[in-house]
Amino acid sequence: MALRPVMVNIKALDPSAVGRFWAQALGWSAYSPGVTTYVGPAGGLVWPDPVAVGIDIVPVPEPKTTTKNRVHLDLATTSAVHQAELVARLTALGATSAHVGQGDVPWTVLADPEGNEFCVLEPREVYRDTGPIAAVVVDCVDPRAMARFWGEAMDWTLHEVTDDQAVLRSAKGVGPYLEFLRTPGVKTVPDRVHLDLLPYPGDDKEAEVARLRALGATDLDLGQGNVPWTCLADPEGHEFCVLAGE
């Protein structure tokens, strides 16, 4: 039994506008099958995508606070020219420069139209085959503890674990990485961005949720009411959802 990450969930005042931004940013398509806007690879809605981790934009009434998100996306580039062109294109689409204490670094930190931070990375060989999203990055206090929890929670392979970072990726060697980076400070506000996990066909969702609780996850009440998914938090308080199975 294991789970797979299928979506990055982003809360937004205007999910249609934020969805359009991310679709254009990634060269993907935006779909609005209901109240949310799903962004996934172009060519027709396929869910869950066998390779990519999609983005689901969910409407909320509250704007983002000035607190930096503890989960963000890193975008891949193939050359210095590509990086510069992508930053220029994203800025034209409504992205703005973001200052999160990064100092003089080779990547560019931006924010989407509602202030969600993300990075446009300089070209790195490790991300040459990830697609447009290089990594989903999570700030944390203890990467080793996160590696233990998330390594057991999901079926992804642990590639690296140190005191400073833990890195996982699909065992199939496709799609983005999931990276936990040791970051000063602790979580103080609800995450604006989180992961959604999905059981495999035939697996029992409630059994998976019970397994996650045994690993250290805690139940989370976000006012979601009676919904088919289950909201949990990992041992450092990062929210995530376990969706109903296929």
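Counting from 1, residues in each chain are numbered in the order their sequence is written. Two thresholds apply to this predicted model, a pLDDT of at least 70 for residue-level local features and 80 or more for giving and counting side-chain atom pairs, whereas whole-chain, interface and lining totals are computed over all residues. Side-chain numbers come from the whole structure's heavy atoms, not from hydrogens or water.

*Asks:* Just to check I follow, could you spell out the sheet that holds strand β13 (residues 193–199) for this structure?
*Replies:* What holds strands together in a sheet is hydrogen bonding between their backbones, with the strands either parallel or antiparallel. A pair of strands is treated as paired once DSSP finds two or more bridges between them. Here a strand is any run of E in DSSP of at least two residues, a helix any run of H or I of at least four, and the numbering for each starts at the N terminus. Here 8 strands make up an open sheet; going across it, the order is β2-β3-β4-β1-β13-β16-β15-β14 and the pairing mixed. Of all strands in the sheet, those bounded by a partner on one side alone are β2 (29–31) and β14 (218–219). As defined by bridge partners, strand β1 (residues 3–12) adjoins β13 across 7 bridges and the pair is classed as antiparallel. Counterpart to valine 8 in the pairing with β13 is leucine 195. Sheet strands in contact with helix α1 (residues 15–26) are β1, β2, β3 (37–40) and β4 (54–59), and its direction is about 165° off that of β4. Any two residues having at least one pair of non-hydrogen atoms within 4.5 Å are treated as being in contact. Axis lines are fitted to C-alpha atoms, over the contacting stretch for helices. Their N-to-C directions set the angle, which ranges from 0 to 180 degrees.

*Asks:* Hey, could you run me through α1 in this one?
*Replies:* Every α-helix winds through 3.6 residues per turn, so residues three or four apart in the chain are directed the same way. Expected helix span is taken as 1.5 Å per residue step, with the number of steps being one fewer than the number of residues. In this model, α1 (12 residues) spans 16 Å end to end at C-alpha, consistent with the 16 Å of a helix rising 1.5 Å per residue. Partly exposed describes any residue whose relative accessible area lies between the buried limit of under 20% and the exposed limit of over 50%, with all areas from a 1.4 Å probe on protein chains only and scaled to the type maximum. Of the residues making up α1, those classed as buried are Pro15, Val18, Gly19, Phe21, Trp22, Ala23, Ala25 and Leu26. Of the residues one or two after α1, glycine 27 is the one with positive phi, at around 75°.

*Asks:* Looking at this structure, how should I read the sheet that holds strand β12 (residues 177–182)?
*Replies:* Spatially, 8 strands are ordered β6-β7-β8-β5-β9-β12-β11-β10 in an open sheet, and the strand pairing comes out mixed. The sheet terminates laterally at β6 (96–97) and β10 (157–161), the two strands that pair on one side only. Here β10 pairs with strand β11 (residues 165–169) via 4 bridges, running antiparallel. If you follow leucine 158 over to β11, its bridge partner there is leucine 168. Running at roughly 30° to strand β5 (residues 71–75), α1 makes contact with β5, β8 (117–120) and β9 (133–140) of the sheet. Sheet strands in contact with helix α2 (residues 80–93) are β5, β7 (108–111) and β8, and its direction is about 150° off that of β8.

*Asks:* What exactly am I supposed to notice about the nonpolar core here?
*Replies:* The tendency in soluble globular proteins is for nonpolar side chains to be buried side by side. Counting 50 residues, the largest nonpolar core has Trp22, Leu90 and Phe118 as its most contacted members. Excluding residues within four positions of it along the chain, phenylalanine 118 makes contact with Phe21, Trp22, His72, Leu73, Leu75, Leu90, Ala95, Thr108, Val109, Leu110, Ala111 and Asp112. Residue types Ala, Val, Leu, Ile, Met, Phe, Trp, Tyr and Cys, when buried and joined through side-chain atoms within 4.5 Å, form a set referred to as a nonpolar core. One finds Ala76, Tyr127, Ala135 and Val137 within the second-largest nonpolar core, a separate group that totals 12 residues.

*Asks:* Help me understand helix α3 (residues 143–153), please; the structure alone is not making it clear to me.
*Replies:* Residues of α3 that are buried: Pro143, Ala145, Met146, Ala147, Phe149, Trp150 and Ala153. The residue sitting at the N-terminus of α3 and contributing the capping side-chain oxygen is aspartate 142; that oxygen lies 3.1 Å from the backbone nitrogen of arginine 144. Each polar contact in these results corresponds to two N or O atoms within 3.5 Å; when the atoms are within protein, one needs to be able to donate a hydrogen and the other to accept it, and residues that are neighboring in sequence are counted only if both atoms are side-chain atoms.

*Asks:* How should I be thinking about the pairing of strand β15 (residues 230–233) in this particular structure?
*Replies:* The two faces of a sheet get side chains in turn, since along a regular strand they alternate between them. Residues Thr230 and Leu232 point to one face of β15 and Cys231 and Ala233 to the other, with burial holding for every one of them. Across 2 bridges, β14 lies against β15 in antiparallel orientation. Residue pairing for β15: threonine 218 is matched across the bridge by alanine 233. The turn linking β15 back onto strand β16 (residues 239–242) is made up of 5 residues, and glycine 237 within it adopts a positive phi angle of 95°.

*Asks:* Is there a simple way to explain the side chain of glutamate 122 in this structure?
*Replies:* You can see glutamate 122 is positioned in the loop between β8 and β9. Classification of glutamate 122 as buried rests on a relative accessible area of 16%. Reaching out from glutamate 122, the side chain makes a polar contact with the side chain of arginine 124 at a distance of 2.8 Å. Non-local contacts of glutamate 122, meaning those with residues more than four positions away in its chain, are made with Thr77, Gln83, Pro106 and Trp107.

In short, the description is geometric, and any link to function would need to be established separately.
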